[in-house]
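A structural walkthrough
Residues per chain, in single letters:
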Amino acid sequence: MLTQLYYQQANYEQTINLATQLLSSTTDYYLYYIRGISFYKTSKTTQALQDLTKAIKLDSTGDCGSGVKGEVYFILGKIYYETGELRKAVEFFEKTNVINPKYKEAYLNKAKINYELSYSTVALKELEKYLSFEETKEALLLKSEIEYDIGKYEEAISILKKLLSQDLEPQQKIYAADILSNCYINTGQYELAKEVLLDERYSSDDDGRLKLTLAKLYYYEDSIEAAQNQLENIFLIYSDNSNILAEAYLLKILIYKQLSQNYTIETMLPEIEEFFKNQMISSPKEYKNYYLLAAIYSEVGINPEETLKLAKRCIELKPNKSDSYYILAKAYLLANNTEKAVQTLKKSLELNPNHVWSLYYLGKIFEEKLLRPKDAEVYYQKLLKLNPNFRFLQK
């Protein structure tokens with residue numbers, strides 16, 4: 001068939017034209033399938049969805065002449081994933097695996113989406129299914145990120161050390177090194193974190209993330225001058241990288257706060273607010289922007305109502321992420337609502353029992369606000385067991 005030949009040659013426009021002519025006088029799932037794929041390949045998403053949906057109505061196995069059971073369901077899942085309809089995408093990836101339990105890529109995509117939706121436990125289960133077929137670097141890196149996010153630092157460290165001993169792509173290498181160093185920081189292994197961050201094997205023009213984590217490490221170590229110098233270089237080199245700058249602003253505020261440079265903070269705030277508001281306009285669903293601005297306001301001690309709005313937006317975007325509840329608790333503390341702060345910090349710890357700052361602030365609230373030193377000691381001891389070098393508690 002000439003239509004099939006054009007399709008095999010990736011001549012998608014001709015495939016669409018011929019398939020359209022044929023479909024005017026016949027109903028054939030294969031024609032809908034190849035025309036749907038051709039629409040997809042030529043960025044005609046709406047038409048692709050319509051044709052592929054018709055194809056699976058005519059062939060419920062989802063094969064539709066592709067030779068793979070569930071193939072069309074998987075492609076529909078991919079289209080919904082790429083267009084941001086995540087729950088719809090999961091639905092079709094799930095149908096793929098119901099029809100074809102060996103379709104491993106569907107498990108991987110379900111893991112990615114569930115993690116993006118902050119369903120970390122579900123994401124790990126789907127990822128384990130994928131890994132039972134194939135241990136790819138991409139999947140292992142994702143697993144380490146999820147383990148880190150839920151506070152399973154030792155598990156993440158084990159995976160990342162294994163990955164970094166392999167031949168990774170440059171960006172994978174930087175990403176793995178960054179997660180590993182953050183695992184070491186959260187567990188108080190600062191020298192090991194420094195070894196990773198200063199390792200020339202991970203150095204490149206694109207390693208702004210590692211430079212930022214090094215500045216964070218210096219701050220944790222109380223090496224304030226070194227942290228300031230590192231941040232100055234970051235603002236100079238990565239002035240057009242909004243992702244790096246967003247986190248750098250918070251760290252800068254923390255350092256000036258420690259140095260009691262309140263006037264400097266006041267002069268910086270208009271620039272910071274303008275930066276984040278522009279980011280929210282251009283990327284209204286970017287979680288980090290709301291989280292970081294709320295964190296800055298809570299550290300400076302201003303704008304309690306706006307801070308609460310920003311924190312609640314974090315809950316909307318990632319309702320199952322421990323950081324969301326931590327920042328909401330900080331907003332409640334700023335608004336002098338101690339009871340709700342305690343409730344939300346406990347929720348944060350349900351999602352990540354090793355959330356360093358949630359442990360710290362729960363201890364601090366019980367010690368300083370509720371005057372319950374025995375309860376405070378419980379959280380402080382958990383924190384020190386996790387990170388014996390946590391200097392903010394030692395003070």
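Up top is the structure these notes are about.
Looking now at the overall build of the protein chain. In terms of regular secondary structure, the protein chain is built from 23 helices and zero strands. Overall size of the protein chain, expressed as C-alpha extent along the three principal axes, is 80 × 45 × 40 Å. With 395 residues in all, the protein chain has 52% of them scored as buried. Contacts spanning at least 24 positions in sequence make up 53% of the contacts within the protein chain whose residues lie at least 6 apart. In the structure as shown, the protein chain presents an accessible area of about 19,200 Å², 48% of it carried by carbon and sulfur atoms. Computed over 49 positive and 54 negative side-chain charges, the separation of the two mean positions in the protein chain equals 6 Å.

For helix α20 (residues 338–351), spanning 14 residues, the distance from its first C-alpha to its last is 20 Å, which sits close to the expected 20 Å at 1.5 Å a residue. Three or more residues of α20 are buried, namely Thr338, Ala341, Val342, Thr344, Leu345, Ser348 and Leu349. Buried positions along α20 lie against α19 (322–334), α21 (356–369) and α22 (373–386).

Let's shift gears to the packing of aromatic side chains. For the structure shown, the criterion picks out 28 aromatic pairs. Relative to Tyr33, the ring of Tyr30 has its centre 6.2 Å away and its plane inclined at 45 degrees; by these criteria the two rings are tilted. Note that Tyr30 and Tyr33 are positioned in helix α3 (residues 29–41) at a spacing of three residues, about one turn of the helix. Through pairs of rings, three or more aromatic residues link up here, namely Tyr190, Tyr219, Tyr220, Tyr326, Trp357, Tyr360, Tyr361, Phe390 and Phe392. The positively charged end of Lys347 is found above the aromatic ring belonging to Tyr325, 5.8 Å away from the centroid. Taking NZ or CZ as reference, Arg391 lies 5.0 Å from the ring centre of Tyr219, over its face.

Looking now at α21. Its 14 residues give α21 an end-to-end C-alpha distance of 19 Å, which sits within 8% of 20 Å, the value for a rise of 1.5 Å per residue. Positioned one or two residues after α21, Leu371 has a phi angle of 55 degrees, which is positive.

To continue, consider the nonpolar core. In this structure, Tyr219, Leu231, Tyr249 and Phe276 are the most contacted members of the largest nonpolar core, which totals 110 residues. If we ignore the near neighbours within four places in the chain, the residues touching Phe276 are Ala246, Tyr249, Asn289, Leu292, Leu293 and Ile296. Listed in part, the 35 residues of the second largest apolar core include Tyr32, Val72, Tyr80 and Ala89.

Below, the discussion takes up the environment of Glu316. Residue placement: Glu316 occurs in helix α18 (residues 304–317). Separated by 68 residues in sequence, Glu316 and Leu384 have C-alpha atoms that sit 32 Å apart.

The next subject is the environment of Thr121. Tracing the backbone shows Thr121 in helix α8 (residues 120–131). Sequence spacing of Thr121 and Tyr290 is 169 residues, and the spatial spacing of their C-alpha atoms is 24 Å.

Let us look at unusual backbone geometry. Unusually for a residue other than glycine, Asp222 sits at a positive phi of about 70 degrees. For Asp222, the position within the fold is in the loop between α13 (208–220) and α14 (224–237). In this structure Asp222 comes out as partly exposed when scored by relative accessible area, which is 37%. For Ser260, which is not glycine, the phi torsion reads 60 degrees and is therefore positive. Among the secondary structure elements, Ser260 is positioned in the loop between α15 (242–258) and α16 (262–282).

Position of Asp323 relative to the elements: it lies in helix α19. Along the backbone, Asp323 and Asp149 are 174 residues apart, and their C-alpha atoms lie at a distance of 9.0 Å. Asp323 has contacts with Tyr287, Tyr291 and His355, leaving out every residue within four places of it along the chain. For Asp323, the side chain forms a polar contact with the side chain of His355, separated by 2.7 Å.

Here the structure, examined in full by the defined rule, presents 22 salt bridges. With a closest N to O distance of 2.6 Å, Lys143 and Glu128 form a salt bridge. Taken as a pair, Lys143 in helix α9 (residues 137–149) and Glu128 in helix α8 lie far apart in primary sequence, 15 residues in all. With a shortest N-O distance of 2.9 Å, Glu299 and Lys257 are connected by a salt bridge. Taken as a pair, Glu299 in helix α17 (residues 287–300) and Lys257 in helix α15 lie far apart in primary sequence, 42 residues in all.

Attention now moves to the packing of α18 against α19. Packing of α18 against α19 leaves a shortest axis separation of 9 Å and a crossing angle of 165 degrees. Between α18 and α19, the crossing angle belongs to the class labelled roughly antiparallel. Seen from above, α18 lies across α19 with left-handed handedness. Between α18, through Pro304, Thr307, Leu308, Ala311, Lys312, Cys314 and Ile315, and α19, the contact on the second element is made entirely by Ser324, Tyr325, Ile327, Leu328, Ala331, Tyr332 and Leu334.

Moving on to the packing of helix α7 (residues 104–116) against α8. In contact at an axis separation of 8 Å, α7 and α8 are set at 160 degrees when each is read in the N-to-C sense. Between α7 and α8, the crossing angle belongs to the class labelled roughly antiparallel. At the point where α7 passes α8, the crossing takes the left-handed sense. Here α7 contributes Lys104, Glu105, Tyr107, Leu108, Lys110, Ala111, Asn114 and Tyr115 to the contact with α8, which in turn contributes Ser120, Val122, Ala123, Glu126, Leu127, Lys129 and Tyr130. Among the residues making up the contact of α7 with α8, the classes are represented as eight nonpolar, two polar and five charged.

About the criteria used
Residues numbered from 1 in each chain as written. Predicted model: local features only at pLDDT ≥ 70, side-chain atom pairs only at ≥ 80, totals over all residues. Heavy atoms only, no water. Helix = DSSP H or I, 4+ residues; strand = E, 2+ residues; numbered from the N terminus. Buried < 20%, exposed > 50% of the residue type's maximum accessible area, 1.4 Å probe, protein only. Contact = heavy atoms within 4.5 Å. Areas by Shrake-Rupley, 256 points an atom, 1.4 Å probe, with all protein chains shown as cover. Lys, Arg positive; Asp, Glu negative; His and termini not counted. Charge placed at Lys NZ, Arg CZ, Asp CG, Glu CD. Expected span 1.5 Å × (residues − 1). Phe/Tyr/Trp six-rings, centres within 6.5 Å; stacked < 30°, edge-to-face > 60°. Lys NZ or Arg CZ within 6 Å of the ring centre and 35° of its normal. Core = buried A, V, L, I, M, F, W, Y, C linked by side-chain atoms within 4.5 Å. Polar contact = N/O pair within 3.5 Å; in protein donor to acceptor, adjacent residues only side chain to side chain. Salt bridge = Lys/Arg side-chain N within 4 Å of Asp/Glu carboxyl O. Axes fitted to C-alpha atoms, helices over the stretch in contact; angles between N-to-C directions. Parallel < 35°, antiparallel > 145°, perpendicular 65-115°, else oblique. Left-handed = near helix turned anticlockwise from the far one by under 90°. Nonpolar A, V, L, I, M, F, W, Y, C, P; charged D, E, K, R; others polar.

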